[in-house]
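Residue-level structural notes
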Amino acid sequence: MKKQFLTAVLLLPALAFAQPKTKKAGPPAVDKDKQAIIADLDKRTPEYAGISKQIWDFAELGYMEEKSSKLLEEQLTKEGFDVKTGVAGIPTAFVATYGSGKPVIGILGEYDALPGLATEAKPEFTPIPGQKGGHGCGHNLFGTASMAAAVEVKNWLKSSGHAGTIKIYGCPAEEGGSAKVYMVRDGLFNDVDVVLHWHPGAQNAADAGTSLANKNAKFRFKGIAAHAAASPERGRSALDGVEAMDYMVNMMREHIPSDTRIHYVITKGGEAPNVVPANAEVYYYARNKDRSIVQSVWKRIENAAEGAAKGTGTQVTWEVLGGVYDLLPNVTLAEVMHQNLQTVGGVHYTPEETAFAEKISETFGDQKVPVTNAALVKDFRDASESATSGGSTDVGDVSWTVPTVGLSTATWVPGSSAHSWQSTAASGMSIGQKGMIVAAKTLAMTALDLYKTPALIEKARAEWTKKRGADFKYEALLGNRAPALDYRK
């Protein structure tokens, strides 16, 4: 007995050392309202998968999304939303509203495709003859998941009798068309307390991150046509103007902030080699995380265009087609979103989906990562003061108008790049559709947290006000121009 007692006493320090002083918190409990959302979205997954596939098949370019927007509008009308179409002077933009009173929560939805990315939903590049566009950024999933989340919130508001309003914004032409800028400019977000959004991706994350401000335009040179062999001296080549501009801008890259991005594509260079081109066009983007740098660099691009025209004896005009702010991150909201994403979890593949993903992954070369990463949720990261994504989005303008938060989910095979045939293929099949449902659940659950805990909205607005600055005044980078409805034509 004495020996056993001594042994126990001797073990006590070791046992005390082995036991943690504080118990590690597990995942938060899921209340019955969130459980109902998860169950209903699981039940309705085939329905929403079908809608996303229809939009994937439509593959309509910016401001041309007539079928896509109509499909979403019809679904929302059927669900009891009050749908206003053609808002902000854009035929394919809409706002659908349900409920009354405060808080007002908005959810953004997109549905435009990209040019040149038409491929079948197969693990090898399989072009679709005659099709102009493809959903290489997964916006067919984006608009559908946002609608699904809004429907779940509507159902909860209706069944609970809770005060509040849910709005879903149908946002066309995100890819360079800056539709949300016109919607912001028209005051469509002025009564909203918080905006939620998401984006398809290759991983599951809800960071407090930012993005790049962006300005873009088409530069159009006008020259004089002539026979390129018999009388070239009588011609003035508009293509020479474009190439001279491109050369000067490329030399400029050495003398601008190193994190600035400038890219262009010649959209018109002439009709035949033996005719001096009378008309030529080049499409330019400039990006930086600091929009004042974008404006400064842009002025130098304009100067290069004018210099190129003078040097080649041509004339130049330009049309600013888009311009977007950097994202203003909100840590308060991002932490709430991240917690809900953790609760929902990542994307788990079937054996057939794993085989598809592995075949896609083989095309990535050195960028290949384990396809099982789709099931992981990245740790929360506050990158609000430093790191940025490599892209731009017109969500940026919304975020400077109202506190805004977003997430990404693994709708594509891990390692995929946006704007690629690989992301287009995954966006049109079950891998993309599973990630879409993860997003819908997370958005709806985050909205419920905000309705139930108004203090979160107050805290988020205080953070937003401080970051934005007391003297901030919104001015669109694209000026007062009307929506560029023909920018993809």
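Residues numbered from 1 in each chain as written. Predicted model: local features only at pLDDT ≥ 70, side-chain atom pairs only at ≥ 80, totals over all residues. Heavy atoms only, no water.

**As for unusual backbone geometry**
Operational definition: What counts as a helix is a DSSP run of H or I of at least four residues, what counts as a strand is a run of E of at least two, and both are numbered from the N terminus. The cut-offs for exposure are 20% and 50% of the maximum accessible area for each residue type, with area from a 1.4 Å probe on protein chains only; residues under the lower value are buried, those over the upper are exposed, and the others partly exposed.
The peptide bond linking Lys-102 to Pro-103 adopts the cis configuration, its omega dihedral lying at -5°. When you line up the elements, Pro-103 lands in the loop between strand S2 (94-100) and strand S3 (104-110). For Ala-173, which is not glycine, the phi dihedral falls at a positive 50°. Checked against the element boundaries, Ala-173 lands in the loop between strand S6 (164-171) and helix H5 (179-185). Accessibility expressed as a relative area gives 0% for Ala-173, which makes it buried. Phi angles above zero are rare outside glycine, and His-419 is one such case at about 60°. Mapped onto the fold, His-419 is located in the loop between strand S12 (404-410) and helix H11 (421-427).

**So, a nonpolar patch on the surface**
Let me state the cut-off plainly: For patch detection, residues must exceed 30% relative accessible area and be free of salt bridges, and they are connected within 9 Å for like charges or within 5 Å for nonpolar side chains (Val, Leu, Ile, Met, Phe, Trp, Tyr). Per-residue and other accessible areas follow the Shrake-Rupley method at a 1.4 Å probe size, with only the shown protein chains counted as cover for residues. For this document, the term salt bridge refers to a Lys or Arg side-chain nitrogen within 4 Å of an Asp or Glu carboxyl oxygen.
Together, Tyr-247, Met-248 and Met-251 give the surface a local cluster of nonpolar side chains, amounting to about 320 Å² of exposed area. Looking at the element boundaries, Tyr-247 is found in helix H6 (residues 238-252).

**Focus: the pattern of salt bridges**
Inspection of every chain in the model, using the stated rule, returns 24 salt bridges. Where Asp-191 meets Lys-167, a salt bridge forms, and the shortest distance between an N and an O atom there is 3.1 Å. Of this pair, Asp-191 sits in the loop between H5 and strand S7 (194-201) while Lys-167 sits in strand S6, and the two are 24 residues apart along the sequence. One salt bridge in this structure joins Lys-368 and Glu-362, with 2.7 Å as the shortest N-O distance. Looking at Lys-368, the relative accessible area reads 40%, which means it is partly exposed. Of the residues examined, Glu-362 reaches a relative accessible area of 55% and is grouped as exposed.

**Remarks on helix H2 (residues 32-58)**
Counted only if it meets this: Multiplying one less than the number of residues by 1.5 Å gives the expected span of a helix. To get the bend at a given residue, fit one axis to the seven residues ending there, fit another to the seven starting there, and take the angle between those axes. Should any heavy atoms of two residues lie within 4.5 Å, those residues are counted as being in contact. In protein, a polar contact requires one atom able to donate a hydrogen and another able to accept it; more generally it is a pair of N or O atoms within 3.5 Å, and residues adjacent in sequence count only if both atoms are side-chain atoms.
Given a rise of 1.5 Å per residue, 27 residues ought to cover 39 Å, and the 37 Å separating the end C-alpha atoms of H2 matches this to within 8%. Where H2 bends most, the angle comes to about 55°, and this point is Arg-44, followed within four residues by the proline Pro-46. For H2, the full list of buried residues reads Asp-33, Lys-34, Ile-37, Leu-41, Arg-44, Tyr-48, Ala-49, Ile-51, Ser-52, Ile-55 and Trp-56. Looking at the buried positions of H2, the neighbouring elements they touch are helix H3 (66-78), helix H4 (139-160), helix H8 (331-344), H11 and helix H12 (430-452). One side-chain oxygen of the residue at the start of H2 lies 3.1 Å from the amide nitrogen of Asp-33, identifying that residue as Asp-31. Ala-59 sits one or two positions beyond H2 and adopts a positive phi of about 45°.

Just geometry here; none of it tells us what the structure is for.
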